[in-house]
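Overview (structure and organization)
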Amino acid sequence: MIGPSGQCGATATSYASAIAAIRRTCGKVHAAPAGVEVAERRTDDHRFLFLLNHGQDKATVRLDRSGTELLTGHVLDAGHELVLEPAGVAIVKAPSTAAGTTP
């Protein structure tokens, strides 16, 4: 979490304020509508984008990278609009930037 000094690792007062602070101070976080949680994990070879819709309505997320949606097996291009059902989840696997892709 982000503290008053803007350092990663400190405690924030609420989930919403923590996400806003992370977006401001810890680098790029994939843009998503309200209610959609986004997390990215990396290995040496791949990046995994986890999208979780906590909302009660469908949510649309425009992907900033190409990759494979692991739950469906669909290959998606950068710019694809991924629709998440209420309580829906998507996991997109993309090559790492070290493998020659654009972040």
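Description of the structure in this document.

Quick word on the nonpolar core
- Counting residues in hydrophobic clusters, the biggest one holds 13 residues, and the most contacted among them are V36, L51, L63 and L82.
- Contributing elements (two or more residues each) for this core: β1 (36-42), β2 (46-53), β3 (59-62), β6 (81-84) and β7 (89-95).
- Aside from chain neighbours lying at most four places away, what touches L51 is E37, V38, V61, L63, L82, L84, G88, V89 and A90.

What about the pattern of salt bridges?
- In total, this model carries five salt bridges according to the counting rule given.
- In this structure, E40 and R42 form a salt bridge, with 2.9 Å as the shortest nitrogen-oxygen distance.
- Residues R65 and D64 are paired through a salt bridge, measuring 2.8 Å at the closest nitrogen-oxygen approach.
- Judged by relative accessible area, which is 6%, R65 ranks as buried.
- Within this structure, E40, R42, D64 and R65 form a network of salt bridges that share partners.

What counts as what
Residues numbered from 1 in each chain as written. Predicted model: local features only at pLDDT ≥ 70, side-chain atom pairs only at ≥ 80, totals over all residues. Heavy atoms only, no water. Core = buried A, V, L, I, M, F, W, Y, C linked by side-chain atoms within 4.5 Å. Buried < 20%, exposed > 50% of the residue type's maximum accessible area, 1.4 Å probe, protein only. Helix = DSSP H or I, 4+ residues; strand = E, 2+ residues; numbered from the N terminus. Contact = heavy atoms within 4.5 Å. Salt bridge = Lys/Arg side-chain N within 4 Å of Asp/Glu carboxyl O.

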